[in-house]
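So you can see what is in the structure, the chains are spelled out below.
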Amino acid sequence: MSLRFVLAPALTPELREQLVSLWVDVTNAGGAVGFVAPVTAADVRPVAEAMFADVADGPDRLLVGYDGTRPVAVLVFTDNRFCLKAHWCVLKRVMVHPDTQGRGYGAALMREAERLGRKMGREALHVTVRGGLGLERFYVRLGYREVGRLPGALRVAPGDDRDEVLMWLDLAAPAA
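Summarised in this report is the structure supplied together with it.

**Things to note about helix H3 (residues 105-119)**
- The end-to-end C-alpha distance of H3, which contains 15 residues, comes to 21 Å, matching closely the 21 Å that a straight helix rising 1.5 Å per residue would cover.
- Every buried residue of H3 is listed here: Tyr 105, Gly 106, Ala 107, Leu 109, Met 110, Glu 112, Ala 113, Glu 114, Leu 116 and Gly 117.
- Downstream of H3 by a residue or two, Gly 121 has a phi angle that is positive, lying close to 85°.

Take a look at the structure:
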């Protein structure tokens, strides 16, 4: 089944709970989305609620991918909130449910983000990834390039510091 994407869906209580659940499942499966496993909904909810507020009240935009009626992929177009950076945005909370891995949903989510980024008039998309997981290869296959690396910027456990890898997709160039 292919994904159906919705930009700026209504943030109903049901969708909020589904996205918190997705976030918990992704984290507990080893996903690098702001937490280190194990986490519970109680751990994730405060961060999720702040994200929902920025989407509902601010300039950020939520993109949700649905498999049928179930949200299984998500990311947030995060505005830089600074006029000198208004021509590009950061993609945050990029997640695909672990039980849908291997179906191409991650690539489909990122291609939709690229399409929408162009439609929104953005000239580039930026995403950061946690080093040590091989995530850079995924983004490189989608046309992103590594533009920087902050050594040891992410402490996932005592004695386990990871690089934060900065990836960039130039949307000013023609689509691949």
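**Describing the pattern of salt bridges**
- Evaluation of the coordinates by the stated rule reveals 14 salt bridges.
- When the shortest N-O distance is used, the salt bridge between Asp 161 and Arg 155 registers 2.7 Å.
- For Asp 161, a relative accessible area of 35% puts it in the partly exposed group.
- Residue Arg 155 is classed as exposed on the basis of its relative accessible area of 63%.
- What you see here is one network of salt bridges that share partners, running through Glu 136, Glu 146, Arg 149 and Asp 163.

**Considering the nonpolar core**
- Leu 75, Phe 77, Leu 91, Leu 125 and Tyr 144 are the most contacted members of the largest nonpolar core, which totals 25 residues.
- Apart from residues lying up to four places away in sequence, Leu 125 is in contact with Phe 77, Cys 89, Leu 91, Ala 113, Glu 114, Tyr 144, Met 167, Trp 168, Leu 169 and Leu 171.
- In this structure, Met 51, Leu 62, Val 74 and Val 76 belong to the second largest nonpolar core, which totals 22 residues.

**Concerning the packing of aromatic side chains**
- The full count for this structure, using the stated rule, is 4 aromatic pairs.
- Note on Phe 138 and Tyr 139: the rings are 5.0 Å apart at their centroids and 80° apart in plane angle, and the pair reads as edge-to-face.
- Since its relative accessible area comes to 6%, Tyr 139 is described here as buried.
- For the ring pair Tyr 139 and Tyr 144, a centre distance of 5.5 Å and an interplane angle of 75° mean the geometry is edge-to-face. With respect to burial, Tyr 139 and Tyr 144 carry one shared label: buried.
- The residue whose ring lies beneath Arg 4 is Tyr 66, and the NZ or CZ to ring-centre distance is 4.6 Å.

**A closer look at the sheet that holds strand E3 (residues 70-78)**
- Here 7 strands make up an open sheet; going across it, the order is E1-E2-E3-E4-E5-E7-E6 and the pairing mixed. The open sheet has two edge strands, strand E1 (4-7) and strand E6 (145-157), and neither has a second partner. If you compare each strand with its neighbour and ignore which way they point, the axes differ by 25° on average.
- Together, strand E2 (61-67), E3 and strand E4 (88-96) form the strand contacts of helix H1 (residues 13-28), whose direction differs from that of E3 by roughly 90°.
- Strand contacts of H3: E1, E2, E3, E4, strand E5 (124-130) and strand E7 (160-170), with the helix running at about 40° to E3, the strand carrying the most contacts.

Definitions and limits used
Residues numbered from 1 in each chain as written. Predicted model: local features only at pLDDT ≥ 70, side-chain atom pairs only at ≥ 80, totals over all residues. Heavy atoms only, no water. Helix = DSSP H or I, 4+ residues; strand = E, 2+ residues; numbered from the N terminus. Expected span 1.5 Å × (residues − 1). Buried < 20%, exposed > 50% of the residue type's maximum accessible area, 1.4 Å probe, protein only. Salt bridge = Lys/Arg side-chain N within 4 Å of Asp/Glu carboxyl O. Core = buried A, V, L, I, M, F, W, Y, C linked by side-chain atoms within 4.5 Å. Contact = heavy atoms within 4.5 Å. Phe/Tyr/Trp six-rings, centres within 6.5 Å; stacked < 30°, edge-to-face > 60°. Lys NZ or Arg CZ within 6 Å of the ring centre and 35° of its normal. Pairing = 2+ DSSP bridges. Axes fitted to C-alpha atoms, helices over the stretch in contact; angles between N-to-C directions.

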